[in-house]
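Analysis of the macromolecular model
Listed below are the residues making up each chain.
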Amino acid sequence: MPRLVRPDAVLVQAVIAGALSFAHLHDLAEAAGQNGWKAWAYPVSVDLLLVAAWHRLRSLRDAGEPAGSAWSWFVVALAASLGANVATAGLLDLGDVPDWLRILVAGWPALAFLGGTLLVHRPTSPTGPGTEPDPEPPSTVERATEPGVQANPLPALPAPAPATAVTAPPALVAHAQKIAADHRARTGSAIDTETLRARLGVPSPMAEAIAAQLV
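All of these numbers come straight from a predicted model, not from anything done at the bench. (Residues numbered from 1 in each chain as written. Predicted model: local features only at pLDDT ≥ 70, side-chain atom pairs only at ≥ 80, totals over all residues. Heavy atoms only, no water.)

1. Some thoughts on the packing of helix H1 (residues 9-31) against helix H3 (residues 68-91)
Selection rule: Here an angle of 0 to 180 degrees is reported between the N-to-C directions of two axes, which are lines fitted to C-alpha atoms, with helices fitted over the stretch in contact. A run of H or I in DSSP counts as a helix once it spans at least four residues, and a run of E counts as a strand once it spans at least two, with each numbered from the N terminus. What sets the label is the angle itself: under 35 degrees gives roughly parallel, over 145 gives roughly antiparallel, 65 to 115 gives roughly perpendicular, and the rest give oblique. Here, two residues are considered to be in contact whenever any of their heavy atoms come within 4.5 Å of each other.
For the pair H1 and H3, interaxial distance at closest approach is 8 Å and the crossing angle is 75°. In terms of orientation, H1 and H3 fall into the roughly perpendicular class. Here Leu-20, Ser-21, His-24, Leu-25, Asp-27 and Leu-28 of H1 lie close against H3, whose contacting residues are Ala-80, Ser-81, Ala-84, Asn-85, Ala-87 and Thr-88.

Have a look at this one:
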């Protein structure tokens, strides 16, 4: 035998209250000059803002963040819904709606759009609540100066080997002296190191060492 579905009293009450509030908002918008589909859009706008504000309020409260902005928009939407219920209860002549009420009804779409945008696109901080930026690792100097911590010294680099002095053979020096004398006799000036190196066919260090002995 199929199980009978038992209606939920809370759900039934919510449907009845929502339908009545929807009808009151529609009647008030229509009385304020919003005819056709526009009169039906007003109760949808008010109810959606109310639900969005409540959802944002719950999210911020669960995250431990301040929810002042969500509370403000929730009160605005609730005031619009309650105001329509009271206004259509016989306290207001729907055949002669005052100008200030027409202004409020006409300005509601812009107010609802602003509220919905701020609720949905609310900026969030880059770091969530309770999170802290990662601490920077201590430098090598700080580690070395901490008590009880001995810094590991870097291995000493070997000292560069001194340059080996170039020694020219005496016979090569004597030959260079003849070349230098011949160059002075022909040109009237002392032979330079590059010319001496070319005439002897030796590397530059050797030529410099020989030229130093010719001075």
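After presenting the structure, the write-up continues.
2. Quick look at the packing of aromatic side chains
Stated precisely, the cut-off is as follows: A pair of aromatic rings is counted whenever rings of Phe, Tyr or Trp (Trp by its six-membered ring) have centres within 6.5 Å, and the orientation is called stacked for planes under 30 degrees apart, edge-to-face for over 60 and tilted otherwise. When a residue's accessible area, from a 1.4 Å probe over protein chains only, is under 20% of the maximum for its type it is buried; when over 50% it is exposed; and in between it is partly exposed.
For the structure on display, the rule yields 3 aromatic pairs. Look at Trp-54 and Phe-74: their rings are 5.8 Å apart centre to centre, the planes differ by 45°, and that puts the pair in the tilted class. Here the residue Trp-54 occupies a position in helix H2 (residues 37-63), and Phe-74 occupies one in helix H3, the gap between them amounting to 20 residues. Judged by its relative accessible area of 36%, Trp-54 is partly exposed. Taking 5.9 Å as the distance between ring centres and 85° as the angle between the ring planes, the aromatic pair formed by Trp-71 and Phe-74 counts as edge-to-face. Here the residue Trp-71 and the residue Phe-74 both occupy positions in helix H3, the gap between them amounting to 3 residues, near one helical turn. An aromatic cluster is present here, built from Trp-54, Trp-71 and Phe-74 joined pairwise through their rings.

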